[in-house]
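# Examination of the molecular architecture
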Amino acid sequence: MSQEAHVSQSKGQQEEFVETIEPSQPSAAPHSDDGRKNQTQGDQALQLIQEIGHSTILTPENNAKVLRKIDLRLLPILLGIYFLQQLDKSTISYASIFGIVEKANLHGQQYSWLGASIYLAQLVFQPLVAYLLVKVPLAKFLAVSCLLWGISLSCMTAATNFGGLLACRIFLGIFEAGIAPAFIAVTQMWYRRREQPVRLSSWYAMNGVVNMFGSLIAYGLGHIHSSIFASYQIIFLFFGLVTVAFSAVILVFMPDSPISAKFLHEEDKLLAIERQRMNQQGVESQEWKWDHVKEACLDPKSWFWFALMFSISVPSGGITTFGPLIIKSFGLSEYDTMLFNIPFGAVQLVATMGGAWLATVWKMKGPVLALLCLPPIAGCVMLLQITHDAAHKGPLLAGYYIISVYPAITPLIYSWSAGNTAGETKKKVTTGILYVGQCAGNVLGPNLYTTNDAPLYRRGLLSNLAMFCVLILLIGANMAYLYFLNKKHEQRRVAVGKSAKVVDQSMQTVQVATDDKEALPAQQMVDNAWKDLTDWQNEDFVYVF
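Residues numbered from 1 in each chain as written. Predicted model: local features only at pLDDT ≥ 70, side-chain atom pairs only at ≥ 80, totals over all residues. Heavy atoms only, no water.

- The name an unreviewed UniProt entry gives the chain is Major facilitator superfamily (MFS) profile domain-containing protein, with Penicillium antarcticum as the organism.
- Turning to the chain, the UniProt record has this under Subcellular location (unreviewed entry): "Membrane". (UniProt positions renumbered as here; feature names shortened; annotations may be inferred.)

This is the structure:
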């Protein structure tokens, strides 16, 4: 089966491609990669196009209409899930302000392990998560995960010692293990590569919202006086029950994929699929392919993503867990500590969305990531050099808030990885490798801070400073490797009779992409877009910096 692209151009209008399906004809373009012979099942998007009998034309107008529908349905749900996930993980941080360390008799590294255990559990379960994300419908996966982690958080109310709290945190980590990988999969499935940084950053920006409104909610809950529950127990119970309730919303309203989405009409489904064509990443395939697994493990950039995520997660894990205690060490009361943590969230929100916007404008993520490393480096130096006492509250808070730019780095790494990986199984395995790096960094990070190091937390801050510097080196090395891969694909295209240079239309607006379609004949793109090929196997794939 093949797809032919017929070019039509009316007077005074821009060039567009009309694609039709003609099953009886042989493939028009040769396949140069032996790995394709082993492909037993294509993308489900191709199956839908075959069933309907035709593809469609993507224009700026219908693209904007469908994108608006997708955003209005997906983003509120994704933002809600991630807000609750970050809120639920942060409850241990809020609980530290309201006396859980003393009342649960935590000492030494025990509080640090309550912060790290959730990530250790997520790390161990990543292989299972990668498999489930290929085999299980995404909406059902997210709904069940949300329900189970809400129950786990609610059970923390009854835990009164380190053992009980640790058990609940481990289960919380297990059931949250697939949330970020599933969100990356959703973004790859629904959005063009140009759109991915802003969408990935929008749900990740909930970290900042949590630091703002989560602090306010915890501040209010902390003022509730109960003869049955301690303040921190009320926090666990409230947020856990809200999470359980939200799982029903996910089950009812979250679509599994563009192909089965009930809120899209048939023509809208075709448009949603057509939007993804130039990504060269496919939409959905539920076939687990071991050759994809092998390639993901042998691909050096998989380990670049791992190293990048580990390097940012070491400071992230430490600051997330010990941030309120760092502020408290400036000489503030419990409630002032909660309130002064709010600007930290505001800076996170602005930096995260600002970084995504800049990456979209520049059409590059590497340089933006390097730029975002500079403020946290300055903030760490300030906290290391300025005396920690009440007389220096202002400069210390300024340094702490400057560090809070660092959360903008993580979603751009997510986006960078998501945009440079193709093949359904390879995408999930690569995301799993990336997330293992994130979990490992989050396990190590809190343990570089200990309550015994208060008020300076020198060891933790020095390690954070080193990691931000390492990040800049890794970013440069990864960009060099992506440049090498693009040159290698150019050579392969020439070898099979194609043009060496390809205009990456997935990084253009739809209007610009239409203007540039002459740069690569459409029939070449059609051959590979829905074949569930990996980025290595598909010579038409363009790596983005």
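### Brief notes about the overall build of the chain
- Looking only at helices and strands, the chain has 23 helices and 2 strands in total.
- Taking contacts inside the chain between residues at least 6 apart in sequence as the whole, the part at least 24 apart equals 83%.
- Just so you have it, the chain exposes about 19600 Å², and 65% of that area is on carbon and sulfur atoms. (Helix = DSSP H or I, 4+ residues; strand = E, 2+ residues; numbered from the N terminus. Contact = heavy atoms within 4.5 Å. Areas by Shrake-Rupley, 256 points an atom, 1.4 Å probe, with all protein chains shown as cover.)

### Details of the packing of helix α2 (residues 60–97) against helix α9 (residues 196–204)
- For the pair α2 and α9, interaxial distance at closest approach is 9 Å and the crossing angle is 30°. Of the possible angle classes, the one that applies to α2 and α9 is roughly parallel. Contacts between α2 and α9 pair L67, D71, L75, L78, L79 and Y82 from the former with R199, S202, W203 and Y204 from the latter.
- Looking at side-chain class alone, the contact of α2 with α9 contains 7 nonpolar, 1 polar and 2 charged residues. (Axes fitted to C-alpha atoms, helices over the stretch in contact; angles between N-to-C directions. Parallel < 35°, antiparallel > 145°, perpendicular 65-115°, else oblique. Nonpolar A, V, L, I, M, F, W, Y, C, P; charged D, E, K, R; others polar.)

### Digging into helix α5 (residues 126–135)
- Taken residue by residue, α5 has Q126, V129, A130, L133 and V134 as its buried positions. Viewed along the axis of α5, the buried residues span an arc of 135°, placing them on a single side of the element. (Buried < 20%, exposed > 50% of the residue type's maximum accessible area, 1.4 Å probe, protein only. Arc of directions from axis to C-beta.)

### Re unusual backbone geometry
- The backbone of K363 sits at a positive phi, close to 60°, despite the residue not being glycine.
- In this structure, K363 sits in the loop between α16 (342–362) and α17 (366–385).
- Residue classification places K363 among the partly exposed positions, given a relative accessible area of 33%.
- A positive phi is found at D532, a non-glycine position, where the angle reads about 55°.
- By secondary structure assignment, the location of D532 is in the segment after α23 (522–529).
- Assessed through its relative accessible area of 4%, D532 is described here as buried.

### Considerations on the pattern of salt bridges
- Within this structure, the stated rule accounts for 19 salt bridges.
- The salt bridge involving K427 is made with E424; its shortest N-O contact spans 3.6 Å. Here K427 pairs with E424, and both are found in helix α20 (residues 424–447), just 3 residues apart, close to one helical turn.
- Classification of E424 as buried rests on a relative accessible area of 3%.
- Taking the shortest distance from any N to any O, the salt bridge between D540 and K498 comes out at 3.2 Å. With D540 in the segment after α23 and K498 in the loop between α21 (458–495) and α22 (510–515), this pair connects stretches of sequence that are 42 residues apart.
- You can call D540 buried: its relative accessible area is 1%. (Salt bridge = Lys/Arg side-chain N within 4 Å of Asp/Glu carboxyl O.)

### Section: the side chain of D71
- Summarising the element assignment, D71 is placed in helix α2.
- The class of D71 is buried, set by a relative accessible area of 15%.
- Within the structure, D71 has its side chain in polar contact with the side chain of R199 (distance 2.7 Å).
- For D71, the contacting residues outside a window of four places in its chain are P76, Y191 and R199. (Polar contact = N/O pair within 3.5 Å; in protein donor to acceptor, adjacent residues only side chain to side chain.)

### Some details on helix α12 (residues 266–276)
- Where burial is concerned, most of α12 is hidden: 9 out of the 11 residues are buried.
- Considered for burial, the residues of α12 that qualify are D268, K269, L270, L271, A272, I273, E274, R275 and Q276.

### Points about the packing of aromatic side chains
- Following the criterion strictly, the structure yields 21 aromatic pairs and no others.
- An angle of 85° between the planes, with centres 6.0 Å apart, marks the rings of Y204 and Y414 as edge-to-face. Taken together, the positions of Y204 in helix α9 and Y414 in helix α19 (residues 409–419) put the pair 210 residues apart, joining distant regions of the chain. For the residue pair Y204 and Y414, the accessibility class agrees, reading buried in each case.
- Through successive ring pairs, a cluster of aromatic residues spans Y82, F183, W203, Y204 and Y414. (Phe/Tyr/Trp six-rings, centres within 6.5 Å; stacked < 30°, edge-to-face > 60°.)

### A closer look at the nonpolar core
- Ranked by size, the top nonpolar core spans 137 residues in total, and within it W190 and Y414 carry the most contacts.
- Take this core: its biggest share by element is 16 residues, from α2.
- Two domains each provide a minimum of three residues to this core, namely domain 1 (60–281) and domain 2 (289–498 + 536–544).
- Once residues within four sequence positions are removed from consideration, W190 is found in contact with I70, L74, P255, S257, P258, A261, F263, L264, R275 and Q276.
- V134, V293, V429 and I433 belong to the second largest nonpolar core, which has 7 residues in total. (Core = buried A, V, L, I, M, F, W, Y, C linked by side-chain atoms within 4.5 Å. Domains from an automatic or database assignment.)

### What about a nonpolar patch on the surface?
- Taken together, W357, V361, W362, L371 and L374 make up a surface patch of nonpolar side chains, about 530 Å² in accessible area.
- Those elements giving two or more residues to the nonpolar patch turn out to be α16 and α17.
- The element contributing the most residues to the nonpolar patch is α16, with 3 residues.
- By relative accessible area, which is 55% here, W357 ends up exposed. (Patch = residues over 30% accessible without salt bridge, like charges linked within 9 Å, V, L, I, M, F, W, Y side chains within 5 Å.)

### Some words on the side chain of Q348
- Mapped onto the elements, Q348 comes out in helix α16.
- Using a relative accessible area of 4% as the deciding quantity, one classes Q348 as buried.
- Once residues within four sequence positions are removed from consideration, Q348 is found in contact with N207, G208, N211, S404, Y406 and P407.

### Points about the state of the cysteines
- Within this structure, the stated rule accounts for 0 disulfides.
- Unpaired in this structure, C373 has its nearest cysteine sulfur neighbour in C469, at a distance of 8.6 Å.
- Classification of C373 as buried rests on a relative accessible area of 0%. (Disulfide = S-S within 2.5 Å.)

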